[in-house]
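# Chain and residue survey
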Amino acid sequence: SERAALVFTDIQGSTATWEACPEGMQEGLQIHNKAIRDCIAGHNGHEVKTIGDSFMVAFESASDAVWFGLSVQERLVESVWPEELLELDSCCLQSEGPWCGLRVRIGVHCGEVSVQLNTLTGRYDYFGNTVNKAARMEGACVGGAVAVTPEVME
């Protein structure tokens, strides 16, 4: 058992966006994935796995995890998105924030984790309540936000 800060990300409304705009979503997903992976590298993170358009990322420190989340949101706001995506209500510039393009929910929690090597993939995976709490934080927030637990703030 060891301590880690875990982050889950997910594109808000991705299923509906895929259905409404498959070509734009394919290009948008590439922009999203590059932004996430660039920010992982820039903040000492480890990509644990992806599931669809969601990422699970591990960090040694809570501050690296939070800065990663903020950097992702900033990078996505600054990205140039396909015009087809920007025509969708879920992706256009709206009055409640600066977001345009895909909106990503990001949840962060830190605590004790069990780390296991997947001998098939050669990658490490994380298990335990910390994983569950980080995933719940992502699910509880809205696209464009980074939600953190009180443990992250300590």
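The structure we're discussing is the one just above.
The following refers to the structure shown. Quick caveat: nothing in here was measured; it's all calculated off a predicted structure.

Conventions and cut-offs
Residues numbered from 1 in each chain as written. Predicted model: local features only at pLDDT ≥ 70, side-chain atom pairs only at ≥ 80, totals over all residues. Heavy atoms only, no water. Helix = DSSP H or I, 4+ residues; strand = E, 2+ residues; numbered from the N terminus. Expected span 1.5 Å × (residues − 1). Buried < 20%, exposed > 50% of the residue type's maximum accessible area, 1.4 Å probe, protein only. Contact = heavy atoms within 4.5 Å. Polar contact = N/O pair within 3.5 Å; in protein donor to acceptor, adjacent residues only side chain to side chain. Pairing = 2+ DSSP bridges. Phe/Tyr/Trp six-rings, centres within 6.5 Å; stacked < 30°, edge-to-face > 60°. Patch = residues over 30% accessible without salt bridge, like charges linked within 9 Å, V, L, I, M, F, W, Y side chains within 5 Å. Areas by Shrake-Rupley, 256 points an atom, 1.4 Å probe, with all protein chains shown as cover. Salt bridge = Lys/Arg side-chain N within 4 Å of Asp/Glu carboxyl O. Lys, Arg positive; Asp, Glu negative; His and termini not counted. Charge placed at Lys NZ, Arg CZ, Asp CG, Glu CD.

## Section: helix α3 (residues 62–78)
The end-to-end C-alpha distance of α3 is 24 Å, a good match for the 24 Å that 17 residues give at a rise of 1.5 Å each. Buried within α3 we find Ala65, Phe68, Gly69, Ser71, Val72, Gln73 and Leu76. Looking at the buried positions of α3, the neighbouring elements they touch are β1 (2–11), α2 (22–42), β3 (54–59), β4 (104–118) and β6 (146–148).

## Things to note about the side chain of Arg105
With respect to the secondary-structure elements, Arg105 resides in strand β4. For Arg105, a relative accessible area of 16% puts it in the buried group. At 2.6 Å, the side chain of Arg105 forms a polar contact with the side chain of Asp10. Engagement of the side chain of Arg105 in a polar contact is seen with the side chain of Glu138, the distance being 2.9 Å. Ignoring any residue separated from it by four or fewer positions in sequence, one finds Arg105 in contact with Phe8, Thr9, Asp10, Gln12, Glu138, Gly139, Cys141, Val142, Gly143 and Ala145.

## Re the pairing of β3
Counting buried positions along β3 yields six of six residues, so the element is predominantly enclosed. The two faces of β3 match: Ser54, Met56 and Ala58 on one face and Phe55, Val57 and Phe59 on the other face are all buried. Pairing of β1 with β3, which is carried by five bridges, proceeds in the antiparallel orientation. Among the inter-strand pairings, Phe8 is bridged to a residue of β3, identified as Met56. Judged from the five bridges that link them, strand β2 (residues 46–51) and β3 form a sheet pairing that is antiparallel. For His46, the partnering residue across the bridge sits in β3 and is Ala58. Counted between consecutive antiparallel strands, the loop separating β2 from β3 contains two residues, among which Gly52 sits at a positive phi close to 65 degrees.

## Concerning the packing of aromatic side chains
Taken as a whole and judged by the stated rule, the model has one aromatic pair. Each ring, one from Phe59 and one from Phe68, has its centre 5.2 Å from the other, and the planes form 45 degrees; the classification is tilted. The buried category is assigned to Phe59, whose relative accessible area is 3%.

## Some thoughts on a negative patch on the surface
Residues Glu23, Glu27, Glu83, Glu84 and Glu87 make up a contiguous surface patch of negative charge. Of all the secondary-structure elements, those providing two or more residues to the negative patch are α2 and α4 (83–86). Relative to the assigned elements, Glu23 resides in helix α2.

Keep in mind these values describe shape, not function.
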